[in-house]
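So you can see what is in the structure, the chains are spelled out below.
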Amino acid sequence: MTDGPWHRRHWVAVDVAIAAGFALLDTGTTLIGASWWPDRPDTLAWVMLGVQALACASLAFRRVAPLTVVGVFGAFTVALTLLISPAGVLTPAHDTNVWAPYATLVAAYGPFFYQQNRRTAFLVLAAFTLVIMRPWEPSVTVMTIGLLRTAVGPLLALYFDARRRIVFALVERVERAERERHLLAEQARAEERARLAGEMHDIVTHRVSLMVLQAGALRVTTQDDGTRQAAEELRAAGCQVLEELRDLVGILRTTPEGDQTPSVGGFADLVAESMAVGTPTELIEDGDPALASPVVGRTAYRVLREALTNVRKHAPGARVTVRVEYDEAQVRITVHNSAPTGRASSALAGTGSGMGIAHLRRRIELVHGTLRAGPCSDGGFSVEATLPAYVPTAESAV
C-alpha cells in the first residue's frame, strides 16, 4: 500500500513539527541546567547549543534516513563528550546529567520502524547507547537514564511494527477472502449457466428429434408433392437445428437442489411420444413408484429419455421394451430395443454430442448406482441402470 501525495505532505508536516518541538524542548532544558549547560557559558557553549538545535532539526528526516539521524545525534553526543572530557573546554554545571538531547528518544525509534536491516540498527543503537551511558565514568543514574533514552524508542518501534504487520496481514486476509468469495460466486454462476445449457440440450434434442421423425414419416406417407417437399424441408431444418445445438451448447451439467426435471411420473409421457412417432414402445412397471426418492426419479427419467432418443436416432423400426422395477432397496430400469428394421438417417444419427451414455454413467455414479449399456445377442441394444431407492435431496446428480 503506497501513500498518496496528500499523505506524504501530511507526514512531512508532522515530522517538521516534531523536529521543531524537540529543538525548542532541548534548547530550553539545556538552558535551565537539565543537561550539559555550564555555569558560565562562553561562545563555544552557544555554538554547541545551536549545533544541538540543528541535530534536533534532523528529526524531520527520520522516516527517509533513520540511521543518518541517529548518526547525527551520535556525532553531536561524541563531540560534546570529548569537549567536556578529556578536552575540558566545556564544564557542565551538573556533571551527573545525561548529555544527549531528549530528541534521542525519537531518533532511536526510527531505525527499528522504518529500517529493514535490523542488524545494522542494533549495531548503531548499541554504539550510541555506550556513548550516552558513559561507562568510563560509572554512574547508576547516568547509565540508567542513558539506557532508557535509547531503549524506549526501539521497544515502541518493535511493538508498533508488529502491530502494523498484523493489521496488514488481517487486511490482506480479508481482501483475499473477498476475492475468493467473488471467484466462488463467478464459479456458481458459470455452473448454473452450464446446467441450464445442459438441460436445454437434453430437452430440445428430445423434442426436435421427435419433430424430425414426424416430418420424415409425413414425407413418406403423403401423396401431395407440396406437402412432401414441406415435410422434407422441415426434417432437414430439424436436423440442422440439432447439429447447431450440439456445437453451441456445452455438455457440462450440474443438477442443484430444486431441479425441475420430471420424475418417474413422466415415464408414460416419454413412451407415448415414442409411439406417436412410430417407435413401438411398451412400458412395464413393477412395484410402487413412490419408493423412488426425487433424485432417483429424476435420474431414471433422464436414463429413459436418453435411451429412447438414441433408439429413434440409431435404430429405426426397432421395438422398445421399458421395464422398471421398484422395491425398498433399489430401482432398476431396463430399456431394450430389438434389432432395427430400417436404415438410420445419417443426418439424424450425426446429431448430439456422442457423450450421452458417458454423462448418464456419471449421473448414476453420483447417486451410487450402476449403468450397463451395450449390444445384445438378438442384434438390439440394452441400457440397464440400477439405482438406490432413496437418495437425500441434497445429493443431486450431475
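Residues numbered from 1 in each chain as written. Predicted model: local features only at pLDDT ≥ 70, side-chain atom pairs only at ≥ 80, totals over all residues. Heavy atoms only, no water.

Take the overall build of the protein chain next. In terms of regular secondary structure, the protein chain is built from 11 helices and 5 strands. The buried share of the protein chain, taken over its 398 residues, is 39%. Here the contacts in the protein chain between residues at least 6 apart in sequence split such that 74% fall between residues at least 24 apart. Total accessible area computed for the protein chain in this model is approximately 21200 Å², and 62% of it derives from carbon and sulfur atoms. (Helix = DSSP H or I, 4+ residues; strand = E, 2+ residues; numbered from the N terminus. Buried < 20%, exposed > 50% of the residue type's maximum accessible area, 1.4 Å probe, protein only. Contact = heavy atoms within 4.5 Å. Areas by Shrake-Rupley, 256 points an atom, 1.4 Å probe, with all protein chains shown as cover.)

So, on to a negative patch on the surface. Judged by side-chain charge, D286, E325, D327 and E328 come together as a negatively charged surface patch. Residue E328 is classed as exposed on the basis of its relative accessible area, which comes to 73%. (Patch = residues over 30% accessible without salt bridge, like charges linked within 9 Å, V, L, I, M, F, W, Y side chains within 5 Å. Salt bridge = Lys/Arg side-chain N within 4 Å of Asp/Glu carboxyl O. Lys, Arg positive; Asp, Glu negative; His and termini not counted. Charge placed at Lys NZ, Arg CZ, Asp CG, Glu CD.)

This part covers the side chain of N337. Mapped onto the fold, N337 is located in strand β3 (residues 330–337). Once you skip the residues sitting within four places of it in the chain, N337 turns out to touch V311, A315, A318, R319, V320, G380 and F381.

Right, let's get into the packing of helix α8 (residues 267–276) against helix α9 (residues 294–314). Following both chains from N to C, one finds α8 and α9 inclined at 5 degrees, their axes separated by 10 Å at the closest point. When the axes of α8 and α9 are compared, the pair comes out roughly parallel. Contacts between α8 and α9 involve F267, L270, V271 and S274 from the former and A300, Y301, L304, R305, L308 and R312 from the latter. Counted by class, the contact of α8 with α9 contains 7 nonpolar, 1 polar and 2 charged residues. (Axes fitted to C-alpha atoms, helices over the stretch in contact; angles between N-to-C directions. Parallel < 35°, antiparallel > 145°, perpendicular 65-115°, else oblique. Nonpolar A, V, L, I, M, F, W, Y, C, P; charged D, E, K, R; others polar.)

Before going further, it helps to examine a nonpolar patch on the surface. Among the surface-exposed residues, L105, L148, V152, L156, Y159 and F160 lie close enough to one another that they form a single nonpolar patch of about 520 Å² accessible area. Sorting elements by how many residues they give to the nonpolar patch places helix α6 (residues 140–221) first, with 5 residues. Mapped onto the elements, L148 comes out in helix α6.

We now examine the side chain of T77. Within the fold, T77 resides in helix α3 (residues 66–84). Ignoring anything within four residues of it in the chain, the contact list for T77 reads A100, P101, F128, V131 and I132.

Attention shifts here to the UniProt feature "transmembrane region" (unreviewed entry) in the protein chain. On the UniProt side, "transmembrane region" (unreviewed entry) is annotated at positions that read residues 12–37, 43–61, 68–90 and 142–160 here. For residues 43–61, helix accounts for 79% and strand for 0%, while the C-alpha atoms at its two ends are 29 Å apart. Here residues 68–90 is 74% helix and 0% strand, with 26 Å between the C-alpha atoms at its ends. (UniProt positions renumbered as here; feature names shortened; annotations may be inferred.)

Bringing the nonpolar core into the picture now. Of all hydrophobic cores here, the largest spans 31 residues; its most connected members are F267, L304 and I333. Put simply, the parts of the chain that give this core at least two residues each are α8, α9, β2 (320–326), β3, α11 (356–366) and β5 (381–388). Ranked by residue count, the leading element in this core is α9, at 9 residues. Aside from chain neighbours lying at most four places away, what touches F267 is L283, E285, A300, Y301, L304, V324, Y326 and I333. Counting residues in hydrophobic clusters, the runner-up holds 24 residues, among them A19, A55, V70 and V106. (Core = buried A, V, L, I, M, F, W, Y, C linked by side-chain atoms within 4.5 Å.)

This part is about the pairing of strand β1 (residues 281–286). Strand direction decides the pairing type here: β1 and β2, joined by 6 bridges, are parallel. Counted as the bridge partner of E282 is T321 from β2. Assessed by its sense of winding, the connection that carries the chain from β1 through α9 to β2 is left-handed. (Pairing = 2+ DSSP bridges. Right-handed = clockwise from strand over helix to strand, strands pointing away.)

The next subject is the sheet that holds strand β4 (residues 370–375). With mixed pairing, 5 strands are arranged side by side in an open sheet as β1-β2-β3-β5-β4. Pairing within the sheet leaves two strands with one partner each, and these edge strands are β1 and β4. Looking at each pair of strands side by side, their axes are set apart by 10 degrees on average, direction ignored. Docked against the sheet, α8 engages β1, β2 and β3, running at close to 165 degrees with respect to β1.

The next thing to look at is the pairing of β2. Burial along β2 is one-sided: V320, V322, V324 and Y326 are buried, while T321, R323 and E325, pointing the other way, are not. Two elements, β2 and β3, share 7 bridges in a ladder whose sense is antiparallel. Among the inter-strand pairings, R323 is bridged to a residue of β3, identified as T334. Counting the residues in the hairpin turn of β2 and β3 gives 3 residues.

All told, the structure shown has 8 salt bridges when counted by the stated rule. A salt bridge links R134 to E137, with the shortest nitrogen-to-oxygen separation between them at 3.4 Å. Given the relative accessible area of 2%, R134 is considered buried. The closest approach of N and O atoms between E178 and R181, which form a salt bridge, is 2.8 Å. Of this pair, E178 and R181 both sit in helix α6, 3 residues apart, which is roughly one turn of the helix. It is possible to trace a salt-bridge network through shared partners that takes in D15, R62 and R63.

Here helix α2 (residues 43–57) spans 21 Å end to end across 15 residues, near enough to the 21 Å set by a 1.5 Å rise per residue. Two or three places before L44, at the opening of α2, D42 has a side-chain oxygen 3.3 Å from that residue's backbone nitrogen. (Expected span 1.5 Å × (residues − 1). Polar contact = N/O pair within 3.5 Å; in protein donor to acceptor, adjacent residues only side chain to side chain.)

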